[in-house]
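Spelled out from the first residue to the last, the chains are:
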Amino acid sequence: AVITTRLLVSHLSGIRHYEKDITKVKEEKEKANRALKLTKSNQEKELKEKEAKSLEKTDSVKAKKEHEDEVKSRNSKPGRREKEFEQEEYYLKEKFESVIESLKIFKNDPLFFKPGSQFLYSTFGFTLLSAVVERVSGQKFTDYMLKIFRDLDMLSTVQDDNEAMIYNRARYYVYNKKGRLVNAPYVDNSYKWAGGGFLSSVGDLLKFGNALLYSYQVGQFKNINGKLLPGYLRPDTVTMMWTPVPKTEVSWDRDGKYAMAWSVAEKKQQYGCCRQQRHYAAHTGSAVGASSVLLVLPEELGSEAMENGLVAPPRGVIVTIICNMQSVSLSSTALKIAREFDKEKWVQ
């Protein structure tokens, strides 16, 4: 089977994630697909029926218990994320000296499907991707990335090395089974630098989002190209990264599709005066004791503004949230914040 870097970057390689049992993965996928098929109106109908039934109960204690359960289930986050953190490989303590060395964790495991045929989110797919970077660049992946972070002026972004003294590094927290906040267990991230091994700050992630947005938009500004510096990436590269890839899916965003290392929502409006979907690119992160999101909402610019140089890139809203607690769902919050700031801009 041939695995290309494009398949790796869009999670179509067939390389496993933390779950080693293919039947469990298939069961989870089927469950997720069934949940997606349930339309919002059906869910509302079910909720109304449940509420009506609980009102009919004469036993007030039973009714109260049902209501509490319902509130609990409504407020709790989807169980898939909690279950994922039960996988033992999340808690590896072994230190790997190089990315190539860390490939031993999964290199002899069978592929879950023919590369290119299905989507399966895989942190190990990104470990393999970082090994490609290591071989092509001729230097350690972490050194290569630190040079990129310097170029982008992301000076607070470093690898999460347990031994290093890192100024302002936060403590990580998790809720235990009793619902109490406790310190997260010790983990060595050297097995997955690319898929979740870097520390950053809100300021640095804003710079990262702006650099990508600038690169994406700079080519659209016609008459001021001579005055504008080039973007860090070529505009067509970012456009490609933010274009949905067939056969992919996104579990954390109902409107999203997966592209290349980003989930994206396409611009869409089916009916006049009805729901509009703006184009945006985003990604969440979940690690032991931490959760994060970065969302880029490009501004919809008129052709006059772009041709006459009335505005300069980057134009849009970047939202990033970093939280030193495990299993916090942040994608919908980021989108709501982005929309509010976008609205404010048009009001002004």
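Residues numbered from 1 in each chain as written. Predicted model: local features only at pLDDT ≥ 70, side-chain atom pairs only at ≥ 80, totals over all residues. Heavy atoms only, no water.

Visitor: Where do I start with the pairing of strand β8 (residues 290–298) in this structure?
Guide: As a general feature of sheets, a regular strand has side chains that alternate between the two faces. Of all nine residues that make up β8, eight are buried, and the element is covered over most of its length. Taken together, the seven bridges between strand β7 (residues 280–287) and β8 define a ladder with antiparallel strand orientation. Its bridge partner being in β8, His-283 is matched across the sheet by Leu-294. In sequence, β7 turns back onto β8 through a hairpin of two residues, with Gly-289 there showing a positive phi of about 85°. Pairing of β8 with strand β9 (residues 316–323), which is carried by eight bridges, proceeds in the antiparallel orientation. (Buried < 20%, exposed > 50% of the residue type's maximum accessible area, 1.4 Å probe, protein only. Helix = DSSP H or I, 4+ residues; strand = E, 2+ residues; numbered from the N terminus. Pairing = 2+ DSSP bridges.)

Visitor: Which parts of the structure should I look at to understand helix α7 (residues 123–137)?
Guide: Over its 15 residues, α7 extends 21 Å from the first C-alpha to the last, a length consistent with the 21 Å expected when each residue adds 1.5 Å. Within α7, burial applies to Thr-123, Phe-124, Gly-125, Phe-126, Thr-127, Leu-129, Ser-130, Ala-131 and Glu-134. Structurally, α7 contributes buried residues whose contacts are with α1 (5–9), α6 (99–102), α8 (141–151) and α9 (193–196). For α7, the side-chain oxygen to backbone nitrogen distance between the N-cap and Phe-124 is 3.3 Å, and the N-cap itself is Ser-122. Just downstream of α7 lies Gly-138, where phi reads positive at about 75°. (Expected span 1.5 Å × (residues − 1). Contact = heavy atoms within 4.5 Å. Polar contact = N/O pair within 3.5 Å; in protein donor to acceptor, adjacent residues only side chain to side chain.)

Visitor: Can you help me understand the environment of Val-250 in this one?
Guide: Its place among the elements puts Val-250 in the loop between α11 (235–241) and β5 (257–258). Sequence-wise, Val-250 and Leu-120 are 130 residues apart; in three dimensions their C-alpha atoms are separated by 9.9 Å. Not counting residues up to four positions away in its chain, the partners in contact with Val-250 are Gly-256, Lys-257, Tyr-258 and Ser-263.

Visitor: Please explain the confidence of the model for the chain as it appears in this structure.
Guide: Averaged over every residue, the pLDDT of the chain is 86; residues scoring 70 or more account for 84%. Residue range residues 55–79 is modelled with pLDDT below 50. Its contacts to residues more than four positions away, or to other chains, number 11 contacts. (pLDDT = per-residue confidence, 0-100.)

Visitor: Explain helix α10 (residues 202–217) here, please?
Guide: Structural remark: α-helix, 3.6 residues per turn; residues separated by three or four positions point the same way. Here α10 is 16 residues long and its end C-alpha atoms lie 22 Å apart, about the 22 Å a rise of 1.5 Å per residue gives. Along α10, the residues that are buried comprise Asp-204, Leu-205, Gly-209, Ala-211, Leu-212, Leu-213, Tyr-214, Ser-215, Tyr-216 and Gln-217. Buried residues belonging to α10 abut α11, β8 and β9.

Visitor: Please clarify how the sheet that holds β5 should be interpreted in this entry.
Guide: By definition, the strands of a sheet pair up through backbone hydrogen bonds, in either a parallel or an antiparallel sense. Taking strand neighbours across the sheet as the criterion, the five strands line up as β5-β6-β7-β8-β9 in an open arrangement whose pairing is antiparallel. Each having just a single partner strand, β5 and β9 make up the two edges of the open sheet. Contacts from α10 reach β8 and β9, with the element oriented near 150° to β9. (Axes fitted to C-alpha atoms, helices over the stretch in contact; angles between N-to-C directions.)

Visitor: Looking at this model, I keep getting lost on the pattern of salt bridges. Mind explaining?
Guide: Two side chains carrying opposite charge are able to pair once their charged atoms lie near each other. A full pass over the atoms with the stated rule returns 16 salt bridges. The residue Glu-89 makes a salt bridge to Arg-16 at a minimum N-O spacing of 2.8 Å. With Glu-89 in the loop between α5 (79–84) and α6 and Arg-16 in the loop between α1 and α2 (22–37), the pair connects residues that are 73 residues apart, well separated along the chain. Each member of the pair, Glu-89 as well as Arg-16, is classed as buried. Between Glu-89 and Lys-20 there is a salt bridge; the shortest N-O distance is 3.7 Å. On the criterion of sequence distance, the pair formed by Glu-89 in the loop between α5 and α6 and Lys-20 in the loop between α1 and α2 is long-range, its members being 69 residues apart. Taken together, the salt bridges that share partners define one network made up of Arg-16, Lys-20, Glu-89 and Asp-109. (Salt bridge = Lys/Arg side-chain N within 4 Å of Asp/Glu carboxyl O.)

Visitor: Looking at this structure, how should I read the nonpolar core?
Guide: Generally speaking, a soluble globular protein has its nonpolar side chains buried in company with each other. If you look at the biggest cluster of nonpolar residues, it comprises 50 residues, and the most contacted ones within it are Phe-124, Trp-242 and Trp-262. The two domains that each donate at least three residues to this core are domain 1 (1–39 + 79–154) and domain 2 (200–347). Ignoring anything within four residues of it in the chain, the contact list for Trp-262 reads Phe-208, Leu-212, Met-241, Trp-242, Lys-257, Ala-281, Ala-282, His-283, Leu-294 and Val-296. Residues Val-317, Val-319, Cys-323 and Met-325 belong to the second largest nonpolar core, which totals 16 residues. (Core = buried A, V, L, I, M, F, W, Y, C linked by side-chain atoms within 4.5 Å. Domains from an automatic or database assignment.)

Visitor: Quick question: what am I supposed to make of the packing of aromatic side chains here?
Guide: According to the stated counting rule, one finds 14 aromatic pairs in the structure shown. With centroids separated by 6.4 Å and ring planes inclined at 50°, the aromatic side chains of Tyr-90 and Tyr-91 adopt a geometry described as tilted. Among the residues examined, Tyr-90 registers a relative accessible area of 2% and is labelled buried. Of the residues examined, Tyr-91 reaches a relative accessible area of 24% and is grouped as partly exposed. Through a chain of ring-to-ring contacts, the aromatic side chains of Tyr-18, Tyr-90, Tyr-91, Phe-106, Phe-124 and Tyr-191 assemble into a single cluster. (Phe/Tyr/Trp six-rings, centres within 6.5 Å; stacked < 30°, edge-to-face > 60°.)

Visitor: When you look at unusual backbone geometry in this model, what are you seeing that I'm missing?
Guide: A cis geometry characterises the amide bond from Pro-313 onward to Pro-314, with omega recorded as 0°. Along the chain, Pro-314 falls in the loop between α12 (303–308) and β9. Of note in the backbone geometry, His-11 takes a positive phi value of approximately 60° without being a glycine. Phi angles above zero are rare outside glycine, and Lys-247 is one such case at about 75°.

Visitor: What's the story with the pairing of β7 in this structure? I'm lost.
Guide: In the sheet, strand β6 (residues 263–265) pairs with β7 via three bridges, with the strands oriented antiparallel. By the bridge assignment for β7, Val-264 is matched with Ala-281.

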